[in-house]
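# Remarks on the overall topology
Single-letter residue listing:
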Amino acid sequence: MRTQICHGRAIAALVGCTALVLSVTGTASAQSQPQSHPQSHSAARDLGRQVLGANDGWASYGTGTTGGSAADADHVYTVTTWAEFRAALAAGGSAPKIIKVKGVIDAVAEGCDAFAAPGYDFDAYLAKYAPETWGLDTDLSAEPDDSPEGLRRASAAAQDTAIKANIPANTTIVGIGRNAGFKGVSLQIKAVDNVIIRNLAFESPIDCFPQWDPTDGTNGNWNSEYDTAVVYGSTHVWLDHNTFTDGTHPDSAAPTYFGMLYQQHDGELDIVRGADHVTASWNVFAEHDKTILIGNSDSESTAAGDRGHLKVTFHHNQFSNLVERAPRVRFGQVDSYNNHFVGDDSFSYSFGIGKESQLVAQHNAFTLPQGVSAAKVLKRWSVSPVTADDNYVNGTLTDLIAVHNAEIPGEVLQSGAGWTPTLRTKVDPAQAVPRIVDCGAGAGRLG
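Residues numbered from 1 in each chain as written. Predicted model: local features only at pLDDT ≥ 70, side-chain atom pairs only at ≥ 80, totals over all residues. Heavy atoms only, no water.

### Considerations on the overall build of the chain
What counts is decided by this rule: Numbered from the N terminus, helices here are DSSP runs of H or I no shorter than four residues, and strands are runs of E no shorter than two. Our radius of gyration is a C-alpha quantity, and the globule rule it is checked against amounts to 2.2 Å times the number of residues to the power 0.38. Buried, partly exposed and exposed residues are distinguished by accessible area as a fraction of the type maximum, computed with a 1.4 Å probe on protein chains only: under 20%, between the cut-offs, and over 50%, respectively.
For the chain, the helix and strand inventory stands at nine helices and 36 strands. The C-alpha radius of gyration computed for the chain amounts to 22 Å, which stays within 12% of the reference 22 Å derived for 447 residues, consistent with globular compactness. By principal-axis analysis of the C-alpha atoms, the chain measures approximately 75 × 60 × 45 Å. Counting the 447 residues in the chain, one finds 55% classified as buried.

Structure below.
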């Protein structure tokens, strides 16, 4: 049996790590509930039949999260292509369904040219809207359909239709084996209840046709669409043992145009528009800029639907080499515990404290490079209280609020989020979190 080195300690590889993970996730099999007949060993190991365990974060609240675990045989699908996956999603409406993904499914295998509208030319776009000729005072919203911007809009609409997948209620989507996942896909979990996503590796979709906005900031900016996964107005969603990365298209390899990064990525996970009761456990979020957004606006028009919602738990996730938003929070009661944050020189912040947020960040571990201060872990966007205790930075117990306030006195944070999380399973010692999480988080760990 091969071994794996996790922060200097050799442990039994995948099999051993998986046993460790399953012992603390609170996962239960649908067949493990009281039955009148014995449970088979194969049923207990069927990922599609497993449900979120009791008290495992906000997604366990109320009715809990069972996904498609109750699906009958006619609503269990194994898919290997994008067309098969979308067909499985559409079949059977909201009846419980299990979709098993084998291998890597690529939604943009034919490349960006497949979405381009007739006549669209990127060089013509650059020539038309260069700041030295167009200026920085007028956006492109009034451009006609036959203009370079109009053709870009049409191309973007074609990609939007092609890569988004709407996930129905009562659905479980699981990767089979160690190498299952998606490239270029945007999962839309919109206005539904009871969804499980597990054991999948996601390569973030790239926006083939970002829009130039001359009025965004002092120098203009490129704006992109397509989050890897969006939880929009949905409830009881469990994301577990997935890996989210930029894969073969990192921002570090992106060109610049008009002096600004040609940004082709949006978020890895957004939880917005009154979404509620979400648990994200044992995932890897890596190599990304704007990673996770909870609540997408400070405006009163969205606040009315967000207040009292956006209840999210993050535990035993690895946040590695990210720039920001792990997560950025507005309005929500967010519980973040037993996560491992690994920074590099691009690190900006981990937790964004936004409007009316109520963040509890406890028992986490941070591994930061030399020269990056622990004061940067928290970022104040609005005056909202936060609970942050028993967190370790590079192995040392650190009061994140105190160090932030001492080094950034212009953005003083208030202590005490005003609530105490109760929906937790086992809480591991923060000092042990790097080893536990690094050896257990991510896709390919569940068989």
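### Digging into the packing of helix 4 (residues 122-129) against helix 6 (residues 148-163)
Using the following cut-off: To get an axis, fit a line to the C-alpha atoms, keeping to the stretch in contact for a helix; angles then go from 0 to 180 degrees between the N-to-C directions. By definition in this entry, angles of less than 35 degrees are roughly parallel, angles greater than 145 are roughly antiparallel, angles of 65 to 115 are roughly perpendicular, and the rest are oblique. Note on convention: the crossing is left-handed when the near helix lies turned anticlockwise from the far helix by less than a right angle, right-handed when the turn is clockwise. Should any heavy atoms of two residues lie within 4.5 Å, those residues are counted as being in contact. Residue polarity follows a fixed list, in which Ala, Val, Leu, Ile, Met, Phe, Trp, Tyr, Cys and Pro are nonpolar, Asp, Glu, Lys and Arg are charged, and the others, Gly among them, are polar.
Two numbers describe how helix 4 lies on helix 6: the axes approach to 9 Å, and their chain directions differ by 135 degrees. In terms of orientation, helix 4 lies oblique with respect to helix 6. Handedness of the helix 4/helix 6 crossing: left-handed. Contacts between helix 4 and helix 6 involve Ala-124, Tyr-125, Lys-128 and Tyr-129 from the former and Pro-148, Glu-149 and Arg-152 from the latter. When its residues are assigned to classes, the contact of helix 4 with helix 6 shows four nonpolar, no polar and three charged.

### Focus: the confidence of the model for the chain
Any region with low pLDDT has predicted coordinates that should not be read closely. The line we're drawing: A residue's pLDDT is the predictor's confidence in that residue, given on a scale from 0 to 100.
Here the chain averages 91 in pLDDT, and 90% of its residues register 70 or above. Across residues 7-16, confidence stays below pLDDT 50; counting only partners more than four residues off in sequence or on other chains, it has 24 contacts. Within the model, pLDDT remains below 50 along residues 31-43, and this stretch shows nine contacts once partners closer than five positions in the same chain are excluded.

### Digging into the pairing of strand 12 (residues 193-198)
Keep this limit in mind: Whether two strands pair depends on DSSP finding at least two bridges between them.
Buried residues dominate strand 12, accounting for five of its six residues. Relative to strand 12, strand 9 (residues 171-175) is paired through four bridges, and the arrangement is parallel. Bridge pairing in strand 12 links Ile-173 to Ile-197. Note: strand 12 against strand 17 (residues 235-240), five bridges, orientation parallel. Among the inter-strand pairings, Asp-193 is bridged to a residue of strand 17, identified as Thr-235.

### Let's talk about the sheet that holds strand 26 (residues 318-324)
If you trace the 10 strands from one edge of the open sheet to the other, you get 7-10-13-18-23-26-29-32-35-36, paired in mixed fashion. With one partner strand each, in any of the chains shown, strand 7 (104-106) and strand 36 (396-398) form the two edges of the open sheet. Pairwise comparison of adjacent strand axes, ignoring direction, gives a mean angle of 20 degrees for this sheet. Across two bridges, the pairing between strand 18 (residues 243-245) and strand 23 (residues 284-290) is parallel. When the bridges of strand 23 are listed, Phe-244 appears paired with Phe-285. Along the sheet, helix 9 (residues 433-440) contacts strand 26, strand 29 (340-342) and strand 32 (365-367); its crossing angle with strand 29, the most-contacted strand, is approximately 85 degrees.

### Quick look at empty space enclosed by the protein
Going by this rule: Here the term cavity refers to a set of points on a 1 Å grid, laid over the protein atoms alone, in which a 1.4 Å probe fits but cannot get out; the term pocket refers to an open set having protein on both sides within 12 Å along at least five of seven lines, with lining residues being those that place an atom within 4 Å of a point. Grid points are joined across faces, edges and corners, and a volume is the space filled by probe spheres set on the points.
Taken as a whole and assessed by the stated rule, the structure comprises one cavity of 30 Å³ or more. Considering only enclosed or pocket space, the largest cavity measures out at about 60 Å³ in volume. Around the largest cavity, the lining residues are Phe-319, Asn-321, Leu-322, Ala-326, Phe-341, Val-342, Phe-347, Tyr-349 and Ser-350. Contributions of two or more residues to the lining of the largest cavity are made by strand 26 and strand 29. For the lining of the largest cavity, the element with the highest residue contribution is strand 26, accounting for three residues. Residue composition of the lining of the largest cavity, grouped by class: seven nonpolar, two polar and no charged.

### A look at the sheet that holds strand 30 (residues 351-353)
Strand order in the open sheet formed by eight strands is 8-11-16-21-24-27-30-33, and the pairing between neighbours is parallel. The open sheet has two edge strands with one neighbour each: strand 8 (164-166) and strand 33 (378-380). The sheet contact formed by strand 30 and strand 33 spans three bridges and is parallel. Counted as the bridge partner of Phe-351 is Leu-378 from strand 33. Contacting strand 8 and strand 11 (186-190), helix 6 crosses the sheet at an angle of about 45 degrees to strand 8.

### Here's the deal with the pattern of salt bridges
Oppositely charged side chains are able to pair whenever their charged atoms sit close together. To keep it simple, the criterion reads: When a carboxyl oxygen of Asp or Glu is within 4 Å of a side-chain nitrogen of Lys or Arg, the pair counts as a salt bridge.
Per the stated rule, a full pass over the model turns up 13 salt bridges. Its salt-bridge partner being Asp-46, residue Lys-100 comes within 3.6 Å of it at the nearest N-O pair. Separated by 54 residues along the polypeptide, Lys-100 in strand 6 (residues 97-101) and Asp-46 in the loop between helix 2 (41-44) and strand 4 (50-51) bring together distant segments of the chain. For the salt bridge of Asp-160 with Lys-164, the shortest nitrogen-to-oxygen distance reads 2.8 Å. Among the residues examined, Asp-160 registers a relative accessible area of 28% and is labelled partly exposed. One continuous salt-bridge network, built from bridges that share partners, spans Asp-145, Glu-149, Arg-152 and Arg-153.

### Some words on the environment of Asp-207
Mapped onto the elements, Asp-207 comes out in the loop between strand 13 (201-203) and strand 14 (211-213). On a C-alpha basis, the gap between Asp-207 and Ala-156 in space is 7.9 Å, while along the polypeptide they are 51 residues apart. Beyond its immediate stretch of four places on either side in the chain, Asp-207 contacts Gln-159, Asn-223, Ser-224, Glu-225, Tyr-226 and Gln-264.

### Regarding the state of the cysteines
Keep this limit in mind: Any two cysteine sulfur atoms lying within 2.5 Å of each other are counted as a disulfide.
In this structure the tally under the stated criterion is one disulfide. Shown here is the disulfide that connects Cys-112 with Cys-208, its sulfur atoms set 2.0 Å apart. Between Cys-112 and Cys-208, the disulfide has an S-S torsion of -70 degrees and is therefore left-handed. Remark: Cys-208 occurs in the loop between strand 13 and strand 14 and Cys-112 occurs in the loop between strand 7 and helix 4; sequence separation between them is 96 residues. Here Cys-112 falls in the partly exposed class, since its relative accessible area comes to 24%. Residue class for Cys-208 comes out buried when judged on its relative accessible area of 9%.

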